[in-house]
Amino acid sequence: MLRALLHALVLVPAALYPTAAGAQIFEVGDHIELPQAAAGDADHATVAMNEDGDVLVVWQAARTDLPGAPKQVEAVFIPHLGGNDWELPQLATHHFVLGDPEADAIPGATLEANRKPDVVAMGRDFVVTWPRAPQGESLSQLEVVQIEVNGGTAVLRAPAPGQGWIVDPAVEAGDAGVMPDLFTQEIQRDQAAGVVYVHELWAAPPLREYDLRACVLDFGTYNGTPRIVGPVVLQAALPLDDDAAGGLTNGGLVLPDAEEDDFGNLVVAFEEYVRAGHQGAVQDEGSIVVQRWHRGDSGPELIDEIRVFGRDPVNRQRRPNIMGSFLDFRNAVSLTHMDLTPGQTDGDTVHVELIFEGGPNPGTITLRNLLYPNDSLFDDIMPVPVHATEMRMSMAIREPMPGRQMVSWYPTNSTVLWNVTTLTADPYRPAVDVLEFGNPGDPGSRFVPLAYEGPDTAGQGHIYLVINLF
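In this text the structure is predicted, and so the values were computed from the model without any measurement.

Some details on the overall build of the chain
Scanning the chain from terminus to terminus reveals 0 helices and 35 strands. A compact globule built from 470 residues should have a C-alpha radius of gyration of about 23 Å, and the chain, at 21 Å, falls within 12% of that. Considered along the principal axes of its C-alpha atoms, the chain spans approximately 65 × 55 × 50 Å. Here the chain holds 470 residues, and the buried ones make up 60% of them. As displayed, the chain has an accessible area near 16900 Å², and 51% of this comes from carbon and sulfur atoms. For the chain, the separation between the mean place of its 27 positive charges and that of its 65 negative charges on side chains is 2 Å.

Here you go:
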């Protein structure tokens with residue numbers, strides 16, 4: 001989840017928080033490797049920063065000690081010590097196994113795969129969601145936990161060790177992989193979050209159709225368990241077909257990303273690709289669909305919608321990410337996604353701003369192209385936006401260099417890409433969040449935590465973190 005928080009940051013002196021024995025203190029700009037419990041590769045990191053500047057990083061990791069190496073979901077809580085200092089704890093303190101393959105959460109399942117989590121900050125607390133399925137099967141249940149934070153200490157709220165509360169008991173992952181994305185609901189509800197995710201209706205390759213579902217996760221009115229409202233179907237039977245070259249059929253399809261706008265409406269972006277003849281389409285066509293929904297008492301109501309295309313309508317548009325800010329003086333979100341030619345022979349990054357001119361009401365959606373500087377010699381992939389007051393930025397992976405290089409694009413401050421130093425020689429899948437504090441828009445008023453994955457020198461996949469100040 002990508003978002004900029006409304007709350008002002010209170011800088012607490014570091015001396016108020018004692019440092020646990022063996023813990024590591026790091027500062028703005030320091031890249032650190034996160035501790036993990038699973039012995040196998042770690043990947044698919046997500047990151048969130050709460051209103052106090054604390055960070056939670058969540059990822060999946062392979063349990064190579066178990067048959068088939070099923071994935072488990074892990075999290076590390078990183079308390080803000082005040083100023084520009086944070087504490088990286090040891091595994092024994094503030095490390096959590098949220099989704100355990102041996103939790104016996106699904107009757108009859110010997111081992112359970114827990115994959116592709118997401119995290120969002122909810123005031124001081126955090127919410128984490130992920131899908132769980134019996135190993136080797138695709139019918140999944142969506143789960144959620146809360147990480148409650150008080151004075152730099154984090155406590156896991158869950159129904160049982162290694163498992164979460166069930167949000168949806170029957171989600172067909174199919175080729176899409178469920179791909180849940182969380183968003184906070186700060187305007188309409190207190191202590192609540194929402195989640196959007198994907199349910200496969202049917203697949204007859206090269207054709208597929210999916211439902212986009214949404215639930216409200218209310219932690220403010222529960223007594224020991226959250227109140228879950230939904231699911232509702234936002235988009236029914238959306239097409240996600242193979243392109244003419246038959247590419248991109250395995251996992252991570254539709255990939256919804258969600259955000260709350262300045263008026264409490266849900267903004268959601270997702271992939272579509274339709275082959276000629278499917279649902280009446282006259283040609284092969286790929287796009288990113290961005291919709292705004294009003295969450296009324298009678299259910300969600302569509303306010304407005306825009307489709308964003310790439311260099312050619314037949315190109316596949318992939319991996320949308322959106323971010324907005326309550327403090328940037330206009331109702332807008334930044335959107336990044338990948339523009340891929342059929343067969344994924346050439347990949348570009350798209351970085352735009354979408355301005356909802358109607359405010360809380362339907363109206364024109366103005367698209368402002370932020371002109372990410374793609375290069376025909378390279379693929380620019382896995383982009384994420386950074387959106388804050390007086391700041392528009394994106395980060396992506398450029399390959400081959402040889403190898404991969406993380407790059408950043410800051411269109412208001414530069415005319416060229418900047419290379420981002422990383423702890424791994426092969427960085428991948430950046431994830432970011434933003435916390436605005438002080439006087440929004442002033443230099444030094446934004447913390448931007450960045451998590452990424454990559455192998456160490458021995459080839460072992462790890463998760464890394466750096467917190468930057470802009």
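Quick look at unusual backbone geometry
Of the consecutive residues glycine 230 and proline 231, the connecting peptide bond is found in the cis state with omega at 10°. Its location among the elements puts proline 231 in strand E19 (residues 227-239). Proline 400 follows glutamate 399 through a cis peptide bond whose omega is -15°. Mapped onto the elements, proline 400 comes out in the loop between strand E29 (391-399) and strand E30 (405-409). A positive phi angle is found at arginine 429, which is not glycine, with a value near 50°. Positionally, arginine 429 belongs in strand E32 (residues 428-432).

Concerning the nonpolar core
Counting residues in hydrophobic clusters, the biggest one holds 24 residues, and the most contacted among them are Leu34, Val55, Val57, Trp59, Ile78 and Leu465. At the level of elements, strand E4 (42-49), strand E5 (55-62), strand E6 (71-78), strand E8 (85-88), strand E34 (446-455) and strand E35 (461-469) are the ones that each hand at least two residues to this core. With near-sequence residues (within four places) excluded, leucine 465 lies in contact with Phe26, Asp30, His31, Ile32, Leu34, Val47, Val55, Val57, Ile78, Pro449, Leu450 and Ala451. Met323, Leu340, Met391 and Val466 belong to the second largest nonpolar core, which has 23 residues in total.

A look at the sheet that holds E8
Taken together, the 3 strands give an open sheet; going across it, the order is E2-E8-E7, and neighbouring strands pair in antiparallel fashion. Every interior strand has two partners, whereas the edge strands, strand E2 (24-27) and strand E7 (80-82), have only one. Between one strand axis and the next, the sheet turns by 35° as a mean value, whatever way the strands run. Pairing between E2 and E8: 4 bridges, direction antiparallel.

Description of the confidence of the model for the chain
With 94% of its residues at a pLDDT of at least 70, the chain reaches an overall mean of 92. The low-confidence segment residues 1-20, where pLDDT is below 50, has 78 contacts with residues more than four positions distant or belonging to other chains.

Observations regarding the pairing of E30
For E30, a buried count of 4 out of 5 residues is recorded, marking the element as mostly surrounded by other parts of the structure. Summarising the sheet, E30 and strand E31 (residues 418-420) pair through 3 bridges and their orientation is antiparallel. Within E31, the residue paired with serine 408 across the bridge is tryptophan 418.

Digging into the pattern of salt bridges
Side chains bearing opposite charge may pair, as long as their charged atoms lie close to each other. If you walk through the whole model with that rule in mind, you get 29 salt bridges. Residue arginine 275 pairs with aspartate 284 through a salt bridge whose shortest N-O separation is 3.7 Å. Taken together, the shared-partner salt bridges connect Asp328, Arg330, Glu353, Arg368 and Arg392 into one network.

Overview of the packing of aromatic side chains
What describes a pair of aromatic rings is the distance from one ring centre to the other and the angle between the planes of the rings. Applying the stated criterion to the full structure yields 7 aromatic pairs. When the centroid spacing of 6.5 Å and the interplanar angle of 65° are considered together, the rings of tryptophan 165 and phenylalanine 219 count as edge-to-face. With a gap of 54 residues between them, tryptophan 165 in strand E15 (residues 165-172) and phenylalanine 219 in the loop between strand E18 (207-218) and E19 connect regions that are remote in the sequence. Overall, the relative accessible area of 10% leaves tryptophan 165 in the buried class. The interplanar angle of 35° and the centroid separation of 4.8 Å between the aromatic rings of phenylalanine 437 and phenylalanine 447 together place this pair among those described as tilted. Pair noted here: phenylalanine 437 is in the loop between strand E33 (434-436) and E34 and phenylalanine 447 is in strand E34, with a separation of 10 residues, a long-range link. This pair shows no difference in class: phenylalanine 437 is buried, exactly as phenylalanine 447 is. When the ring centre of tyrosine 273 is taken as origin, the NZ or CZ atom of arginine 316, which lies over that ring, is 4.7 Å away. Over the ring of tyrosine 428 we find arginine 404; its NZ or CZ atom is 3.8 Å from the centre of that ring.

About the cut-offs
- Residues numbered from 1 in each chain as written.
- Predicted model: local features only at pLDDT ≥ 70, side-chain atom pairs only at ≥ 80, totals over all residues.
- Heavy atoms only, no water.
- Helix = DSSP H or I, 4+ residues; strand = E, 2+ residues; numbered from the N terminus.
- Rg over C-alpha atoms; globule rule 2.2 N^0.38 Å.
- Buried < 20%, exposed > 50% of the residue type's maximum accessible area, 1.4 Å probe, protein only.
- Areas by Shrake-Rupley, 256 points an atom, 1.4 Å probe, with all protein chains shown as cover.
- Lys, Arg positive; Asp, Glu negative; His and termini not counted.
- Charge placed at Lys NZ, Arg CZ, Asp CG, Glu CD.
- Core = buried A, V, L, I, M, F, W, Y, C linked by side-chain atoms within 4.5 Å.
- Contact = heavy atoms within 4.5 Å.
- Pairing = 2+ DSSP bridges.
- Axes fitted to C-alpha atoms, helices over the stretch in contact; angles between N-to-C directions.
- pLDDT = per-residue confidence, 0-100.
- Salt bridge = Lys/Arg side-chain N within 4 Å of Asp/Glu carboxyl O.
- Phe/Tyr/Trp six-rings, centres within 6.5 Å; stacked < 30°, edge-to-face > 60°.
- Lys NZ or Arg CZ within 6 Å of the ring centre and 35° of its normal.

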